[in-house]
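Given next are the chains, with one letter for each unit.
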Amino acid sequence: MSLPTDTPTPQASHVRRFGPAQRWVHRTTAALMGVCVLTAACLYVPQLAELVGRRELVVRVHEWAGLALPVPVLAGLASRAFRADLRFLNRFGPHDRVWLRAALHRDKRTASRPAGKFNAGQKVYAAWIAGATLVMLGTGLLMWFTHLTPIQWRTNATFVHDWLALTIGIVLGGHIGMALGDPEARRGLRTGRVSREWAEREHPLWRP
């Protein structure tokens, strides 16, 4: 028996937001970042350091997880869909300034926050975390290969690395908190599909 013409099919009520490549890059990067944050906490928080022990092993896991952080993004560049998403993330338009202005004024009305596939907040976060990751990688290498640089460089690198790590932990906490408050966005990253109603409400300028 065929469905009535006015009854939406499951396929019609959902739109594809992310493909396998985007989801794999996000999950792998999140896992590596999580390892970096947890091992950093075990190295700097005395109570965790005593609980875990084996500091040398924790240091090695932290170092190799940090070195591997850029690998998922670099591998994802082989995907045309992932490269297209990077172009969306790197492109700011007039509507993004409107979105940021509304966010600063805590204006939560949908009409005040126009967004394409990614809203301005997501673009700012992506740019910041990418830059922070590169700085952490560079300062970490200076701290790791101590014989290659003067002590003044290593001291400055340690200062930047430690304080930026704390900042990353706070920003990641906010990112996770916002994700927990939006189950539909989480489903998009888990299954690749979101409801059409959510897409039209949260990303009205996006044309899947």
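Since the structure is predicted, the reported quantities are computational estimates derived from the model, not experimental observations. (Residues numbered from 1 in each chain as written. Predicted model: local features only at pLDDT ≥ 70, side-chain atom pairs only at ≥ 80, totals over all residues. Heavy atoms only, no water.)

Caption draft 1: Spatial organisation of a nonpolar patch on the surface. A cluster of nonpolar side chains, namely V135, F159, V160, W163, L166 and I170, defines an oily patch on the protein surface of about 620 Å² accessible area. Residue position: W163 is located in helix α8 (residues 151-180). For W163, a relative accessible area of 52% translates into the label exposed. (Patch = residues over 30% accessible without salt bridge, like charges linked within 9 Å, V, L, I, M, F, W, Y side chains within 5 Å. Areas by Shrake-Rupley, 256 points an atom, 1.4 Å probe, with all protein chains shown as cover. Salt bridge = Lys/Arg side-chain N within 4 Å of Asp/Glu carboxyl O. Helix = DSSP H or I, 4+ residues; strand = E, 2+ residues; numbered from the N terminus. Buried < 20%, exposed > 50% of the residue type's maximum accessible area, 1.4 Å probe, protein only.)

Caption draft 2: How the structure looks around the confidence of the model for the chain. Here the chain shows a mean pLDDT of 89. Residues at 70 or above account for 94%. The secondary structure element of the chain with the lowest average pLDDT is helix α2 (residues 46-52), at 80, and the one with the highest is helix α4 (residues 71-76), at 96. A low-confidence stretch, residues 1-9 (pLDDT under 50), is modelled with 1 contact involving residues beyond four sequence positions or located in other chains. (pLDDT = per-residue confidence, 0-100. Contact = heavy atoms within 4.5 Å.)

Caption draft 3: Up close: α8. Along its 30 residues, α8 runs 43 Å from first to last C-alpha, staying within 8% of the 44 Å computed at 1.5 Å per residue. Looking at the packing, one finds that the buried side of α8 touches α1 (20-44), α3 (55-68) and α7 (120-144). (Expected span 1.5 Å × (residues − 1).)

Caption draft 4: Inspection of α7 at higher detail. Over its 25 residues, α7 extends 36 Å from the first C-alpha to the last, a length consistent with the 36 Å expected when each residue adds 1.5 Å. Taken together, the buried positions of α7 are A120, K123, I129, A132, T133, M136 and T139. Tucked inside the fold, the buried residues of α7 contact α1, α5 (80-90), α6 (94-104) and α8. The residue sitting at the N-terminus of α7 and contributing the capping side-chain oxygen is N119; that oxygen lies 3.0 Å from the backbone nitrogen of G121. (Polar contact = N/O pair within 3.5 Å; in protein donor to acceptor, adjacent residues only side chain to side chain.)

Caption draft 5: Geometry of the packing of α1 against helix α9 (residues 183-191). Interhelical geometry of α1 versus α9 gives an angle of 105 degrees and a closest axis separation of 8 Å. Here α1 lies roughly perpendicular to α9, going by the angle between them. Across the interface between the two elements, R23, H26 and R27 of α1 pack against G188, L189, R190 and T191 of α9. A breakdown of the residues in the contact of α1 with α9 according to their chemical character gives 1 nonpolar, 3 polar and 3 charged. (Axes fitted to C-alpha atoms, helices over the stretch in contact; angles between N-to-C directions. Parallel < 35°, antiparallel > 145°, perpendicular 65-115°, else oblique. Nonpolar A, V, L, I, M, F, W, Y, C, P; charged D, E, K, R; others polar.)

Caption draft 6: Spotlight on a positive patch on the surface. Where like charges cluster on the molecular surface, the positive patch consists of R80, R83, R87 and R91. For R80, the position within the fold is in helix α5. For R80, a relative accessible area of 67% translates into the label exposed. (Lys, Arg positive; Asp, Glu negative; His and termini not counted. Charge placed at Lys NZ, Arg CZ, Asp CG, Glu CD.)

Caption draft 7: Quick look at the environment of P72. The residue P72 is located in helix α4 in this model. Among all residues touching P72, those that are not within four sequence positions of it are W24, V25, T28, T29 and L32.

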